[in-house]
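Structural features, examined
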Amino acid sequence: MYQFRYRRSVGFTLVELALVLLISALLFSTVRPAYTHLVNEAKSGTAQHDLNQISVKINQFYKQNGHFPDSLSEVFSPVPKDPWGNPYQYLRIDGGSVSGSGKLRKDRNLVPINSDYDLYSMGPDGKSASALTASISRDDIIRGRNGSYFGVATNY
């Protein structure tokens, strides 16, 4: 007599696969925000370093020419871009054609943050307003206090 033995198939059941997918999704959903935060912190640090280097070049231009450039294209060709792919923003204040303080970057008391020139990145959202307290300006990476501060606008 022959005995029939059923061999258990080697593989995964649908329930096991679903359980693995569920665990993977839960892990991804908890790790992703931390990863995104780290990537944004790294890009912010790169932008701060870039602003510092651009500021050095602008100050060298000033020493050679006796005035600040009217635009970044006088110093750089092409104009450098921030880590998010947007061109860095520059506004000549000292000796420039800025009338009033409408375009100047301002702190929470609406006082201009620089007296020589404004230099900043519009941050991850690519949007900005002159007041640092505006919701679209809070993620900007800025140069303030005539070059003694480089950092995120919310920390200014």
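Each remark here, short or long, concerns the structure printed above.
Residues numbered from 1 in each chain as written. Predicted model: local features only at pLDDT ≥ 70, side-chain atom pairs only at ≥ 80, totals over all residues. Heavy atoms only, no water.

With that settled, consider the pairing of strand β4 (residues 149–152). Sheet analysis places strand β3 (residues 141–144) next to β4, joined by four bridges and oriented antiparallel. Bridging across to β4, Ile142 finds its partner in Gly151. The turn joining β3 and β4, which pair antiparallel and follow one another in sequence, is formed by four residues; a positive phi near 50° is taken by Arg145. (Pairing = 2+ DSSP bridges. Helix = DSSP H or I, 4+ residues; strand = E, 2+ residues; numbered from the N terminus.)

With that settled, the discussion passes to the sheet that holds strand β2 (residues 117–121). In space, the four strands of this open sheet follow the order β1-β2-β3-β4, with antiparallel pairing throughout. Strand pairing shows two members of the sheet lacking a second neighbour, β1 (89–92) and β4, which therefore form its edges. Taking each pair of neighbouring strands and ignoring which way they run, the sheet shows an average axis angle of 15°. The strands touched by helix α1 (residues 14–65) are β1, β2, β3 and β4; relative to β2, the strand with the most contacts, the crossing angle is about 150°. (Axes fitted to C-alpha atoms, helices over the stretch in contact; angles between N-to-C directions. Contact = heavy atoms within 4.5 Å.)

Following the criterion strictly, the structure yields three salt bridges and no others. One salt bridge connects Asp70 with Arg92, and the closest N-O pair in it is separated by 2.6 Å. A residue pair is termed long-range when its members are at least 10 positions apart, and Asp70 in the loop between α1 and β1 and Arg92 in strand β1 qualify at 22 residues. On the accessibility criterion, Arg92 (13% relative accessible area) is buried. (Salt bridge = Lys/Arg side-chain N within 4 Å of Asp/Glu carboxyl O. Buried < 20%, exposed > 50% of the residue type's maximum accessible area, 1.4 Å probe, protein only.)

Turning to the side chain of Arg143, a few remarks are in order. Within the element layout of this structure, Arg143 appears in strand β3. Judged by its relative accessible area of 1%, Arg143 falls in the buried class. In terms of polar contacts, Arg143 uses its side chain to reach the backbone carbonyl oxygen of Asn146, at 3.2 Å. (Polar contact = N/O pair within 3.5 Å; in protein donor to acceptor, adjacent residues only side chain to side chain.)

Tracing the backbone through its elements, the reader meets Ser130 in the loop between β2 and β3. Taking relative accessible area as the criterion, Ser130 reaches 23% and is therefore assigned partly exposed. When the C-alpha positions of Ser130 and Pro112 are compared, they lie 9.2 Å apart, and in sequence the two are 18 residues distant.

This part is about the packing of aromatic side chains. Geometrically, a pair of aromatic rings is defined through the distance of the ring centres and the angle of the planes. A full pass over the atoms with the stated rule returns four aromatic pairs. Between Tyr62 and Phe68, the aromatic rings sit 4.4 Å apart at their centres with planes inclined by 25°, giving stacked as the arrangement. A residue is classified by how much of its surface remains accessible, and Tyr62, at 34% relative accessible area, is partly exposed. Under the relative-accessibility criterion, Phe68 is labelled buried at 5%. Grouped by ring-pair contacts, the aromatic residues Tyr62, Phe68, Tyr90 and Tyr117 constitute a single cluster. Just above the ring of Tyr120 sits the side chain of Arg105; from NZ or CZ to the centre is 4.1 Å. The aromatic ring of Tyr117 is capped on one face by Arg143, whose charged end is 3.8 Å from the ring centroid. (Phe/Tyr/Trp six-rings, centres within 6.5 Å; stacked < 30°, edge-to-face > 60°. Lys NZ or Arg CZ within 6 Å of the ring centre and 35° of its normal.)

Functional significance is not addressed by these values, which are geometric in nature.
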